[in-house]
Amino acid sequence: MTEQRRRARLGRAALRQLIEELAESLGRSVVLADPSLRGGCVSRHFDDADRARVHSLLQKRASREVARHVLDQGVTRWPRPGFIEGRDDLGLQPRYCVPLRERGHFLGLLMVIAPDATLTPEETEAIARATPAIVGQLYADHVLADAERAREQELLLSLLGEDPAARAESRRRFLDDGLLPDAPHAVVSVVQAPRCRVSPGQVAAALSGALEGLRRTRSAHTASAVTPDRVVLLQLADRPLEPEALREQSRHIMDVLGARLDASAAPVIGIGGQQSGLAGARTSYEQALVAVRAARRIPALKDIGAWEELGELAVLLQLPDRALNASLVPKPLRTLLESGGGHRLEETLRCFLDHAGSTTRTAEALRIHRTSLHYRLRQIQEITGLDLDSGADRMTLHMGLRIRELLVSLGTAGDLAPAGEPATPGTEDGRHRSRTTEAATTTGRGTATATRTPPAAPQDRARRTADVHPAHQVPPQRTRTARERTARERTARPVTADGHRRAEAA
């Protein structure tokens, strides 16, 4: 393996020499880009350097906009060399572009800056003479790298597989061959792009290219496996990998895929939890698969799911799709959703539970008077038949709300939508939007965002008069029995230090 890496370094040096010789003969700037449009090999500057070239030199890759512009011209499918159109807004001058292929493998692009989009016959002939040597060196490097990646991929997939004996053997080989250290902190991420109109080979190339920068990082040791629709990335580090750094890394991968693939790819990323070294890699991998399901099913995650931020959703998402259906929603919650004030009471219940039963914080979050909140909580108890002072009853309702959120995001909520609010239909790729999931989905432990309440129908506005402070509302007409029951409840209810009677559900 050491010999292979040494030869690969020599190959890169040989490529640089070939590119410099071509640039000197032309008197023009030349760049050799790999399939992901990273600046793999660049000649010295001539007077024709543009803003796009300077950016690629500094950042070690073309900008997303430039890469998208080049790829949109179909250069990876060109049968022969041609000119790429320039774009002033991107600081990109025209380039003469030669697609480089060998034995069915797309190896990269050879580009020569040509500000006036013309070359002399002598210049095109010089490029044609230099191309075979460049392709030969690229292919030799490709074969060596391919063999190394194939071995790494085989070991990684075995390390993450179900067979304990195979996992132990892969771990031993990783360590004995010096491919990976057994660092104390391990995280596995999974990238999926299952529905793309381009060829599986191009998807795999885009996925592999998205990881190029990560393989070169010094903050962690990495190993990866690329399949036609998925990438598995293992990272090992001496220190814990920061959640924000992992999320930023995932955003970078999404940016690269966005430049290389069309929107039909619908890529998502799942980040597993931090585990102990190579021995814990499989656990992190399984967690990453759950996080992938979350990223695909919960719009609020914006295509990136992290196991350590899923909270109780991590448990629900391990259920198979056939089991994750409306039958899991507890009957008391179904009764509440089907009641006249379903949406308003559901909003109140969710906020109350997400604030750990604190009536003060719940009232502040909902921007209503505490007396109005107590009235709503009594309504919820009467409709559901559950006691909000009971931890078990609270858990039943809280898990029920989480299940319903997932069902709404899947478009399978059916008749679970609150009265007056239709269920959100599903979409083709499983990404479903609804007022509830977009505004009220919880992505962390005990963290909730405010729910956006839809405009009230006339009958809802009539019902909401019950939430007006008692000093400003007309007392409802009640039967003598109801008035007597309320009087008894007030008598039995203790009085707090501030002079207010505590509500049953406070």
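The helix and strand inventory of the chain stands at 18 helices and 11 strands. For the chain, buried positions account for 48% of its 506 residues. Partitioning the contacts of the chain with sequence separation of at least 6, the portion at a separation of at least 24 is 62%. With an accessible surface of roughly 25,100 Å², the chain has 51% of that area assigned to carbon and sulfur atoms.

What follows deals with the nonpolar core. One finds Leu310, Leu333 and Leu349 to be the most contacted residues of the largest nonpolar core, which totals 35 residues. Secondary-structure elements contributing two or more residues to this core are α9 (281-297), α10 (313-316), α11 (331-337), α12 (342-354), α13 (359-366), α14 (370-384) and α15 (391-410). Leu333 has contacts with Leu349, Leu397, Gly400 and Leu401, leaving out every residue within four places of it along the chain.

Attention shifts here to the pattern of salt bridges. Taken as a whole, this structure holds 19 salt bridges when the rule is applied. Note that Glu102 and Arg103 form a salt bridge whose closest N and O atoms lie 3.8 Å from each other. When the shortest N-O distance is used, the salt bridge between Arg172 and Asp176 registers 2.8 Å. In this pair, Arg172 and Asp176 are both assigned in helix α5 (residues 164-176), four residues apart and thus about one turn of the helix distant. A cluster of three or more residues bridged by salt bridges with shared partners is formed by Glu346, Arg350, Asp354, Arg402, Arg404 and Glu405.

This next bit is on the packing of helix α3 (residues 64-72) against helix α8 (residues 243-260). Two elements in contact, α3 and α8, have axes whose closest approach is 8 Å; the angle formed by their N-to-C orientations is 25 degrees. With respect to each other, α3 and α8 are oriented roughly parallel. When α3 is examined against α8, the residues Arg64, Ala67, Arg68 and Leu71 are found in contact with a partner set consisting of Asp255, Gly258, Ala259 and Arg260. Here the contact of α3 with α8 is built from residues that sort into three nonpolar, one polar and four charged.

Our next topic: the side chain of Asp354. Within the element layout of this structure, Asp354 appears in helix α12. For Asp354, a relative accessible area of 12% gives the class buried. Reaching out from Asp354, the side chain makes a polar contact with the side chain of His398 at a distance of 2.8 Å. Polar contacts involving the side chain of Asp354 include one to the side chain of Arg402, which spans 2.9 Å.

Most of strand β5 (residues 105-113) is tucked away: seven of the nine residues are buried. Note that strand β1 (residues 30-33) and β5 share four bridges and pair antiparallel. Paired with Val30 across the two strands is Val112, which belongs to β5. Sheet analysis places strand β4 (residues 95-102) next to β5, joined by eight bridges and oriented antiparallel. The residue bridging Leu100 from the neighbouring strand is Gly108, located in β5.

Relative to the 24 Å expected for 17 residues at 1.5 Å per residue, α9 spans 25 Å between its end C-alpha atoms, a close match to the ideal helical length. Counting buried positions over the 17 residues of α9 gives 14, a clear majority of the element.

Before going further, it helps to spend a moment on the pairing of strand β6 (residues 185-192). Within β6, seven of the eight residues are buried, which leaves it mostly tucked inside the rest of the structure. In the sheet, β6 pairs with strand β8 (residues 230-237) via eight bridges, with the strands oriented antiparallel. Residue pairing for β8: Val187 is matched across the bridge by Gln235. The sheet contact formed by β6 and strand β10 (residues 275-276) spans two bridges and is antiparallel.

Across the interface, α12 lies against α14 with an axial gap of 10 Å and an inter-helix angle of 105 degrees. Considering their axes alone, α12 and α14 lie roughly perpendicular with respect to each other. Here α12 contributes Arg344, Leu345, Thr348, Leu349 and Phe352 to the contact with α14, which in turn contributes Leu373, Arg376, Leu377, Gln379, Ile380 and Ile383. Looking at side-chain class alone, the contact of α12 with α14 contains seven nonpolar, two polar and two charged residues.

Here we come to the confidence of the model for the chain. In the predicted model, the chain carries a mean pLDDT of 76, and the fraction of residues at 70 or more is 73%. Note that pLDDT drops below 50 for residues 1-10; the model gives that stretch eight contacts with residues more than four away or on any other chain.

Locating Leu246 in the fold gives a position in helix α8. When neighbours within four sequence positions are excluded, Leu246 is seen to be in contact with Val187, Gln235, Leu241, Ile271 and Gln274.

Its place among the elements puts Ala365 in helix α13. What makes Ala365 partly exposed here is its relative accessible area of 40%. Considered as a pair, Ala365 and His355 are 10 residues apart in the sequence and their alpha carbons are 9.1 Å apart. Apart from residues lying up to four places away in sequence, Ala365 is in contact with Cys351 and His355.

Conventions we followed
Residues numbered from 1 in each chain as written. Predicted model: local features only at pLDDT ≥ 70, side-chain atom pairs only at ≥ 80, totals over all residues. Heavy atoms only, no water. Helix = DSSP H or I, 4+ residues; strand = E, 2+ residues; numbered from the N terminus. Buried < 20%, exposed > 50% of the residue type's maximum accessible area, 1.4 Å probe, protein only. Contact = heavy atoms within 4.5 Å. Areas by Shrake-Rupley, 256 points an atom, 1.4 Å probe, with all protein chains shown as cover. Core = buried A, V, L, I, M, F, W, Y, C linked by side-chain atoms within 4.5 Å. Salt bridge = Lys/Arg side-chain N within 4 Å of Asp/Glu carboxyl O. Axes fitted to C-alpha atoms, helices over the stretch in contact; angles between N-to-C directions. Parallel < 35°, antiparallel > 145°, perpendicular 65-115°, else oblique. Nonpolar A, V, L, I, M, F, W, Y, C, P; charged D, E, K, R; others polar. Polar contact = N/O pair within 3.5 Å; in protein donor to acceptor, adjacent residues only side chain to side chain. Pairing = 2+ DSSP bridges. Expected span 1.5 Å × (residues − 1). pLDDT = per-residue confidence, 0-100.

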